[in-house]
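Residues per chain, in single letters:
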Amino acid sequence: MAPFTVRLAFHGSLTFFLRSTADGGIERQLREKTSVKDVIESIGVPHPEIDLILVDGQPVDFGFALSSAKSVDIYPVDWKRCTFFPQNRLQTIHIEKFVADGHLGKLVRDLRLLGFDVLYDRAAQDRQLVELASSDKRALLTRDRRLLMHSAVRDGYYLRSQKALEQTIEVLQRFQLSSAVAPFTRCLSCNALLQPVEKADVFERLEPLTKIYYERFRRCGGCAQIYWQGSHFDKLQARVQEVRAAMATRARRHDEA
């Protein structure tokens, strides 16, 4: 097969993954038939970040084989101006179940605090993360773009920021979760749901002052940890408000852009 040139144009937030010298436009010389997914990921852009691919103006999926000179336009999930070909989108927009890699402990705590189902094991290997994402239909959250490129990963997101608050806002926006926030419904330690429990049923496990000043309790259905609105609750409540305020600010900026 004679060599041929593929011209790729990355739009919107996808330019984040390109080298600083690139402005969104890249050329690749190919010598054999190659899937558009493989060409895109060879540039460093993970497939779960891509919502629409146009080859010479027509929508294709990740398996489309490039065998001659083509122009390829690649669009992200969050590109608000991209309103064409809605039936040919490649990503699931709304997801409420996640698995996070071992470097995202603070993000995991935030998401669980907001009520979202997030599996997390700091010692988990890449293979285990991929298997959990695939078998349980969870979105994989990571800052390892190569992990996100694994063929078995259907849904996922690469965290741009290294700060937990900003990461939390990123996830809420990417998966459109603002209306699904349900604070204080999930265990921060083990991820199981919390259930109301009678004070009498947990009385023997309470500290002396807790027995006196508090009447309402919840118990984790997984690890049996007991929760009540003590001094620690104020800090958690403040974190929820901080996330909501940051989310509102980011939404305003997005609308104004």
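Residues numbered from 1 in each chain as written. Predicted model: local features only at pLDDT ≥ 70, side-chain atom pairs only at ≥ 80, totals over all residues. Heavy atoms only, no water.

Draft legend 1. Representation of the overall build of the chain. Tallying secondary structure elements over the chain gives eight helices and 14 strands in all. Expressed as lengths along the three principal axes of its C-alpha atoms, the size of the chain is roughly 80 × 40 × 35 Å. Buried residues in the chain amount to 44% of all 257 residues. Pairs at least 24 apart in sequence give 62% of the contacts found in the chain among residues at least 6 apart. (Helix = DSSP H or I, 4+ residues; strand = E, 2+ residues; numbered from the N terminus. Buried < 20%, exposed > 50% of the residue type's maximum accessible area, 1.4 Å probe, protein only. Contact = heavy atoms within 4.5 Å.)

Draft legend 2. Summary view of the nonpolar core. Counting residues in each nonpolar core, the largest one holds 33 residues, and the members touching the most others are Leu8, Phe10, Ile40, Ile50, Ile53 and Val72. If you list the elements that add at least two residues to this core, you get β1 (4-10), β2 (25-30), α1 (36-42), β4 (50-55), β7 (70-76), α3 (126-135) and α4 (145-148). Per-element accounting of this core gives the leading share, four residues, to β1. Aside from chain neighbours lying at most four places away, what touches isoleucine 40 is Leu8, Phe10, Val45, Ile50, Ile53 and Ile74. (Core = buried A, V, L, I, M, F, W, Y, C linked by side-chain atoms within 4.5 Å.)

Draft legend 3. Structural detail: the packing of aromatic side chains. A complete count under the given rule lists eight aromatic pairs for this structure. Aromatic pair phenylalanine 16 and phenylalanine 17: ring centres 5.2 Å apart, planes at 90°, arrangement edge-to-face. Measuring from centroid to centroid gives 6.0 Å for phenylalanine 84 and phenylalanine 85, while their planes differ by 90°, and the two rings are edge-to-face. Classification of phenylalanine 84 as partly exposed rests on a relative accessible area of 31%. (Phe/Tyr/Trp six-rings, centres within 6.5 Å; stacked < 30°, edge-to-face > 60°.)

Draft legend 4. Expanded view of the sheet that holds strand β10 (residues 139-142). The sheet built from four strands is open, its strands ordered β9-β8-β10-β11 with parallel pairing. Single-partner strands in this sheet number two, and they are β9 (117-120) and β11 (156-158). The mean inter-strand angle of the sheet, taken between neighbouring strand axes irrespective of direction, is 25°. Relative to β11, β10 is paired through three bridges, and the arrangement is parallel. Across the sheet, the residue bridging to leucine 140 is glycine 156, located in β11. Taken strand by strand, helix α2 (residues 105-113) contacts β8 (97-100), β9 and β10, and its axis lies near 155° from that of β9. The strands touched by α3 within the sheet are β8, β9 and β10, with β8 carrying the most contacts at an inclination of about 175°. (Pairing = 2+ DSSP bridges. Axes fitted to C-alpha atoms, helices over the stretch in contact; angles between N-to-C directions.)

Draft legend 5. Structural context of the pattern of salt bridges. Enumeration according to the criterion identifies 13 salt bridges in this entry. Between lysine 97 and aspartate 136 there is a salt bridge, and its shortest N-O distance comes to 3.4 Å. Here aspartate 136 lies in the loop between α3 and β10 and lysine 97 lies in strand β8, a separation of 39 residues in the sequence. For aspartate 136, a relative accessible area of 29% translates into the label partly exposed. Residues participating in the shared-partner salt-bridge network are Lys97, Asp117, Asp136 and Arg138. (Salt bridge = Lys/Arg side-chain N within 4 Å of Asp/Glu carboxyl O.)

All quantities given are derived from atomic positions and should not be read as evidence of function.
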